[in-house]
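Structural description and commentary
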Amino acid sequence: MEAPAARYVPGEPGAVPSLPSSSSSPSSSSSPSSSVTSFEAVVQSPEQMLELGRRLAKLLRPGDLVMLNGELGAGKTTLTRGLGEGLGVRGAVTSPTFVIARVHPSLGEGPPLVHVDAYRLGGGLDEMEDLDLDVSLPDSVIVVEWGEGKVEELTDDRLHVVIHRAVGDTTDEVRQVTVTGLGERWASVELGVLSA
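Just so you know, these numbers come straight off a predicted model, no measurement behind them.

**Some details on the overall build of the protein**
The helix and strand inventory of the protein stands at 4 helices and 8 strands. Taken from the N to the C terminus, the helices and strands of the protein come in the order β-β-α-β-α-β-β-α-β-β-β-α. Expressed as a percentage of its 196 residues, the buried residues of the protein come to 47%. Intrachain contacts of the protein at a sequence separation of at least 6 include 68% that bridge at least 24 residues.

Structure (structure tokens):
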């Protein structure tokens, strides 16, 4: 049975936006019965999105595939920039829309970050074969923007991050973020720590 999603509400103790927290939320129990396979947050600024990315990076290891989906301008690249900071990689993390993929080597002992933008790719994994993602996956953290329907064949174990924003003529910075772990790799990972 799937555990319920952890949910972040602005202003609650232990919320994503707060920097190093001195207290933890009562719902962040470490008992096995409270294992979370899905996490939801309301993010109110690009700075909070960066912080969520930094926290998420602490859960990642070589071989992880992260699929980012959301409307244009939702914050996928901002979240990836936070992942890059958290992983300690070299180079500015920017949208790889025109180059399709960028590799950011680690500045330390961690894995490199492979950042892919599949927006302009119409087909599935076949169209992405030239990127050799299957070769890079075991040693890297691969983040694919617009990857849904295109890279699932790489592995059964992946992290889906969906970012929703208000569409239309708005300057609203509020985003609804849902992080869902799929496969054995994520079955025992407590995603609720993202709110710590």
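Text resumes after the structure shown.
**Observations concerning the packing of helix H1 (residues 46-57) against helix H2 (residues 76-87)**
H2 packs onto H1 with a crossing angle of 45 degrees between their chain directions and a minimal axis gap of 7 Å. The orientation of H1 with respect to H2, classified from their angle, is oblique. H2 is crossed by H1, and the crossing has right-handed handedness. For the pair H1 and H2, contact is made by Pro 46, Met 49, Leu 50, Leu 52, Gly 53, Arg 54, Leu 56 and Ala 57 and by Thr 78, Leu 79, Arg 81, Gly 82, Leu 83, Glu 85, Gly 86 and Leu 87, respectively. Taken together, the residues of the contact of H1 with H2 sort by class into 9 nonpolar, 4 polar and 3 charged.

**So, the pattern of salt bridges**
In this structure the tally under the stated criterion is 4 salt bridges. A salt bridge links Arg 54 to Glu 85; the nearest nitrogen and oxygen atoms lie 2.7 Å apart. Note that Arg 54 is positioned in helix H1 and Glu 85 in helix H2, a separation of 31 residues in sequence. A relative accessible area of 28% means that Arg 54 is categorised as partly exposed. Take Glu 85: its relative accessible area is 43%, and that puts it in the partly exposed class. Linking Asp 64 and Arg 185 is a salt bridge whose minimum nitrogen-to-oxygen distance equals 2.8 Å.

**A look at H1**
Here H1 contains 12 residues, and its C-alpha end-to-end distance of 17 Å stays within 8% of the 16 Å for a straight helix at 1.5 Å per residue. Of all 12 residues in H1, 9 are buried, a share of seventy percent or more. Along H1, the residues that are buried comprise Gln 48, Met 49, Leu 50, Glu 51, Leu 52, Gly 53, Arg 55, Leu 56 and Ala 57.

**A look at the confidence of the model for the protein**
Scored by pLDDT, the protein has a mean of 77; 68% of the residues are at 70 or more. Predicted confidence is poor over residues 1-36, with pLDDT under 50, and the contacts of this stretch with residues over four places away or in other chains come to 57 contacts.

**Focus on the pairing of strand E7 (residues 158-165)**
In the sheet, strand E3 (residues 65-70) pairs with E7 via 5 bridges, with the strands oriented parallel. The residue of E7 that forms the bridge with Val 66 is Leu 159.

**Details of the nonpolar core**
Within the largest apolar cluster, 29 residues are counted, with the highest numbers of intra-cluster contacts made by Leu 60, Leu 159, Val 161, Val 177, Val 179 and Leu 191. Listed by contribution, the elements that provide at least two residues to this core are strand E2 (38-43), H1, E3, H2, strand E6 (141-145), E7 and strand E8 (175-182). If you tally residues by element for this core, the top one is H1, at 4 residues. For Leu 159, the contacting residues outside a window of four places in its chain are Leu 56, Leu 60, Leu 65, Val 66, Met 67, Val 179, Thr 180, Gly 181, Trp 186 and Leu 191. In terms of nonpolar packing, the next biggest core, distinct from the first, is built from 10 residues, Ile 100, Ala 118, Val 144 and Val 151 among them.

**Some thoughts on H2**
In this model, H2 (12 residues) spans 16 Å end to end at C-alpha, consistent with the 16 Å of a helix rising 1.5 Å per residue. Of all 12 residues in H2, 9 are buried, a share of seventy percent or more. Residues of H2 that are buried include every one of Lys 76, Thr 77, Thr 78, Leu 79, Thr 80, Gly 82, Leu 83, Gly 84 and Leu 87, and no others. The inward-facing, buried residues of H2 contact H1, E3, strand E5 (113-117), E6 and E7.

Quick notes on the rules
- Residues numbered from 1 in each chain as written.
- Predicted model: local features only at pLDDT ≥ 70, side-chain atom pairs only at ≥ 80, totals over all residues.
- Heavy atoms only, no water.
- Helix = DSSP H or I, 4+ residues; strand = E, 2+ residues; numbered from the N terminus.
- Buried < 20%, exposed > 50% of the residue type's maximum accessible area, 1.4 Å probe, protein only.
- Contact = heavy atoms within 4.5 Å.
- Axes fitted to C-alpha atoms, helices over the stretch in contact; angles between N-to-C directions.
- Parallel < 35°, antiparallel > 145°, perpendicular 65-115°, else oblique.
- Left-handed = near helix turned anticlockwise from the far one by under 90°.
- Nonpolar A, V, L, I, M, F, W, Y, C, P; charged D, E, K, R; others polar.
- Salt bridge = Lys/Arg side-chain N within 4 Å of Asp/Glu carboxyl O.
- Expected span 1.5 Å × (residues − 1).
- pLDDT = per-residue confidence, 0-100.
- Pairing = 2+ DSSP bridges.
- Core = buried A, V, L, I, M, F, W, Y, C linked by side-chain atoms within 4.5 Å.

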